[in-house]
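Breakdown of the fold
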Amino acid sequence: MASAAERLAVNADGPFYVDTSCIDCGTCWQFDPAHFAPTGRTSHVWTQPVGEEETRAALLALQACPVAAIGTTRELLALTPADGFPSLVTSLAQGEVYYCGWASRKSFGASSWLITRRRPDGSPDNLLIDSPRWSAALARRIEAMGGVSRILLSHRDDVADHHAWARRFGAERWIHSADADAAAEAEHRFEGTERLRLDDDLLVIPVPGHTAGCVAVLFADQVLFSGDHLWWGVDPPGVVASRRVCWWNWEEQLRSVERLLDLDVRWLFPGHGRWHSFAPGEWRRELEATLAREGQGGEL
């Protein structure tokens, strides 16, 4: 639990606060930027929620925090929604995309995602993209939505509690062979750098660079789950690929960015950083701008 005695001085006055145990993963401000923001070393409450809807968002950010660094009063904690996660982000004809919340310290607070969809016979065929931390409450919610048939792991850093989720739902796991030692129990391996179509609406795109075994997952030809390969930045705005947090091969990561130019992504859902929606044709322009910045020696 967060400690009021360790409350950061930068927090806005009021009942919600971030304490000194914050690991600066960004989970809170990625989910609830209306109330949480980065300082450069930690997150903090930049403005207090007002009203029921804003308080609900702040309580869910508190619940999602991987290290319990967000605190508030006992009275407000008692109002934490039991059904807040998974949280719906977008609906498509092919299915719905939810943010799972319940971020894990093991993956430095990385986001994980649930795709809900139906087979032709009407039965559920849901997917997890990366793993949240284990939560019995979240598992009950996902079970009520049809469970999970497959878990697609984007790379070695964001596997978190995959074993617990696979065991609970009998789900089969996929990970690239270059990162497979991080999830040795996974039933399936992606290989090489060629794209692999798992289903009509599901395309796996290897994007080595951040790690040797990074993959992105394209759902319904327009929703891209990018792991830690790319995310949306806000200051300045734009698609970000980071040399600073590239753990394997930066030049290869840039080549992997180029491999995504032919897509027309409408939603970007990363492991870290903001998610973002794009107008038709905007994706390619943003990627070209990202690559141009690097060509001019800028830090991406």
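Residues numbered from 1 in each chain as written. Predicted model: local features only at pLDDT ≥ 70, side-chain atom pairs only at ≥ 80, totals over all residues. Heavy atoms only, no water.

The strand order across the open sheet formed by 6 strands is 12-13-14-15-18-19, and the pairing between neighbours is mixed. What marks the edges here is a single partner per strand, and that holds for strand 12 (196-199) and strand 19 (276-277). Where strand 12 lies against strand 13 (residues 202-206), 3 bridges are found, and the strand directions are antiparallel. Residue pairing in the sheet places Leu196 in a bridge with Val204 of strand 13. (Pairing = 2+ DSSP bridges. Helix = DSSP H or I, 4+ residues; strand = E, 2+ residues; numbered from the N terminus.)

Attention shifts here to the environment of Ile70. As for its position among the elements, Ile70 is in strand 4 (residues 70-71). Ignoring anything within four residues of it in the chain, the contact list for Ile70 reads Ala2, Tyr17, Val18, Cys28, Phe36, Ala61, Leu62 and Cys65. (Contact = heavy atoms within 4.5 Å.)

Quick look at the state of the cysteines now. Applying the stated criterion across every chain, the model contains 0 disulfides. The thiol sulfur of Cys65 is not disulfide-bonded, and the nearest other cysteine sulfur, from Cys25, lies at 6.0 Å. (Disulfide = S-S within 2.5 Å.)

Another aspect to go through is helix 4 (residues 136-144). Owing to its 3.6 residues per turn, the α-helix brings residues three or four apart onto one side. Inspection of helix 4 places Leu138, Ala139 and Ile142 among the buried residues, and these make up the whole buried set. Seen end-on, helix 4 carries its buried residues on one side only, within an arc spanning 100°. Those residues of helix 4 that are exposed and angled more than 90 degrees off the buried face are Arg140 and Ala144. The inward-facing, buried residues of helix 4 abut strand 7 (113-116) and helix 5 (162-169). At the exit of helix 4 stands Gly146, carrying a positive phi of roughly 115°. (Buried < 20%, exposed > 50% of the residue type's maximum accessible area, 1.4 Å probe, protein only. Arc of directions from axis to C-beta.)

Mapped onto the elements, Arg173 comes out in strand 10 (residues 172-176). Beyond its immediate stretch of four places on either side in the chain, Arg173 contacts Ile151, His162, His163, Ala166, Glu185, Ala186, Glu187 and His188.

As a further point, take the nonpolar core. In this structure, Phe36, Phe219 and Phe225 are the most contacted members of the largest nonpolar core, which totals 64 residues. Looking at this core, the element that brings in the most residues is helix 2 (residues 51-64), giving 6 residues. When residues no more than four places from it in sequence are discounted, the contact partners of Phe219 are Leu92, Gln94, Gly95, Val97, Ile115, Arg117, Asp201, Leu202 and Phe225. By size, the runner-up hydrophobic cluster in this structure holds 24 residues, among which are Val207, Leu218, Leu230 and Trp250. (Core = buried A, V, L, I, M, F, W, Y, C linked by side-chain atoms within 4.5 Å.)

Once that is clear, we can look at the pattern of salt bridges. Scanning the entire structure with this criterion turns up 17 salt bridges. Residue Asp125 is joined to Arg150 by a salt bridge in which the shortest nitrogen-to-oxygen separation is 3.9 Å. In this pair, Asp125 is assigned in the loop between strand 7 and strand 8 (127-129) and Arg150 in strand 9 (residues 150-152), connecting sequence segments 25 residues apart. In this structure Asp125 comes out as buried when scored by relative accessible area, which is 10%. On the basis of relative accessibility, which here comes to 14%, the residue Arg150 falls in the buried class. Residue Arg156 pairs with Asp179 through a salt bridge whose shortest N-O separation is 3.5 Å. Here the residue Arg156 occupies a position in the loop between strand 9 and helix 5, and Asp179 occupies one in the loop between strand 10 and strand 11 (188-190), the gap between them amounting to 23 residues. A network of salt bridges, in which partner residues are shared, links Arg117, Arg119, Asp125, Arg150, Asp199 and Asp201. (Salt bridge = Lys/Arg side-chain N within 4 Å of Asp/Glu carboxyl O.)

According to the stated counting rule, one finds 15 aromatic pairs in the structure shown. On the numbers, 5.5 Å between centres and 55° between planes, the contact of Tyr99 with Trp113 is tilted. One end of the pair, Tyr99, is in strand 6 (residues 95-99); the other, Trp113, is in strand 7, and 14 residues separate them in sequence. Take Tyr99: its relative accessible area is 2%, and that puts it in the buried class. A relative accessible area of 1% places Trp113 in the buried class. Ring geometry for Trp267 and Phe269: centres 5.3 Å apart, planes at 10°, overall stacked. Of the residues examined, Trp267 reaches a relative accessible area of 18% and is grouped as buried. Judged by its relative accessible area of 1%, Phe269 falls in the buried class. Ring pairs connect the aromatic residues Phe31, Phe85, Tyr99, Trp113, Phe225, Trp267, Phe269 and Trp275, which therefore count as one cluster. Taking NZ or CZ as reference, Arg168 lies 5.8 Å from the ring centre of Phe169, over its face. (Phe/Tyr/Trp six-rings, centres within 6.5 Å; stacked < 30°, edge-to-face > 60°. Lys NZ or Arg CZ within 6 Å of the ring centre and 35° of its normal.)

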